[in-house]
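Survey of secondary and tertiary structure
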Amino acid sequence: MSGSSRSGSRYNSKAKIQKSSSHKKAKAGKPKASARYLREESAEVTLQSVIDKTIGSVERLGSQVFALSPFSQYYDDWFVNLRQVISEFEAFSEVHVDDVFTLECAQVFLEIQGALADFRVQEYSLSEAEKALYDVNREVGVVEADYGEKSQLLSGRRSSVIQQLSSQVKVLEEDIVSQEELKFGVFQFGAKKVAAKKLEFARQRLVLVKKELDVSLQDFKLEQEKLHELYVVRKQELAARSVVLRNEIEQREVDVSIEARKKACAQLNNAINGLIQRLQIKTNS
């Protein structure tokens, strides 16, 4: 009986071992299925994360604003970064690019390169506008200095001529007074006649000199007005040119490339979304 009991005990122990072993094998089989599921889920999440990261990076590049002029200094680095983002996306193992995607990206890159080249030329013309503005401001100084110098020379010449003619008038007036006194003091007919002629000549000379003085004053006035008019006209021309150049410079001191870059990045993201849709359709079919 004891033997039977020992035999039954060994049997029960063996059965328990086999059951336990079978149970462990069953448990060992479950992790394999779970790991396969996790790998698939991990691959799917990784693909989606790459898509999201790529689209986010492209959007950030599209909204990037270059703060300091000249803005063209940033163009090359920006374009390299954009190409790198797309290249990293294409290099991901779960992404299988097709001809449509490749063609769309190539077209976008070509167009934005051309646009950036145009903006670079515009910035060069901005530098030319700044140089032109500098030249205008310098010419304003030259015009003002020239006007001041000519006005000073004209004023000096006017003072000299007027002083000379005024002195002649004074001398003639004094001479006439003297001759009038002499005329009335002469009693001989011949001498009185000569004195009268000299007095008349002096009076005529005084009239001529006074007339010359008046004409000179008028001429100097007209010359000064003409000089000032030319000065004002030239200053107005330079001021108008300066306003145009300043407006042109102010308008170009903004990052005008942002719209073109934003458009290019939007097109690239559309190409990415289109590729993903085509891959999903191909997978599901």
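Everything numeric here is computed off the predicted structure, so don't read it as measured data. (Residues numbered from 1 in each chain as written. Predicted model: local features only at pLDDT ≥ 70, side-chain atom pairs only at ≥ 80, totals over all residues. Heavy atoms only, no water.)

With that out of the way, let us pick up the overall build of the chain. For the chain, the count of helices and strands is 5 helices and 0 strands. Going residue by residue from the N terminus, the α and β elements of the chain occur as α-α-α-α-α. For the chain, the residues scored as buried account for 26% of the 285 residues in total. Partitioning the intrachain contacts of the chain with sequence separation of at least 6 by distance along the chain shows that 86% fall at a separation of at least 24. (Helix = DSSP H or I, 4+ residues; strand = E, 2+ residues; numbered from the N terminus. Buried < 20%, exposed > 50% of the residue type's maximum accessible area, 1.4 Å probe, protein only. Contact = heavy atoms within 4.5 Å.)

A word on the nonpolar core. Core analysis: the biggest nonpolar cluster contains 31 residues, and Trp-78, Leu-82, Ile-86, Phe-89, Phe-101 and Leu-268 have the highest contact counts within it. Listing elements by their share of this core, those giving two or more residues are helix H1 (2–62), helix H2 (75–91), helix H3 (99–185) and helix H5 (258–284). Aside from chain neighbours lying at most four places away, what touches Trp-78 is Leu-61, Gln-64, Phe-66, Ile-112, Leu-116, Arg-261 and Cys-265. Grouped together as the second largest cluster of nonpolar side chains are 11 residues, Val-136, Val-143, Tyr-147 and Ile-249 included. (Core = buried A, V, L, I, M, F, W, Y, C linked by side-chain atoms within 4.5 Å.)

Now for the side chain of Ser-72. Within the secondary structure layout, Ser-72 lies in the loop between H1 and H2. On the basis of relative accessible area, Ser-72 is assigned to the buried category, the value being 14%. Here Ser-72 is in contact with Arg-120 and Glu-123, once residues within four sequence places are set aside.

What follows is about H2. Between its first and last C-alpha atoms H2 spans 24 Å; for 17 residues at 1.5 Å apiece the expected length is 24 Å, and the two agree. All of the buried residues in H2 are Tyr-75, Trp-78, Phe-79, Leu-82, Val-85, Ile-86 and Phe-89. Angularly, the buried residues of H2 cover 120° about the axis, an arc narrow enough to put them on a single face. Of the exposed residues in H2, those oriented more than 90 degrees away from the buried face are Asp-77 and Ala-91. (Expected span 1.5 Å × (residues − 1). Arc of directions from axis to C-beta.)

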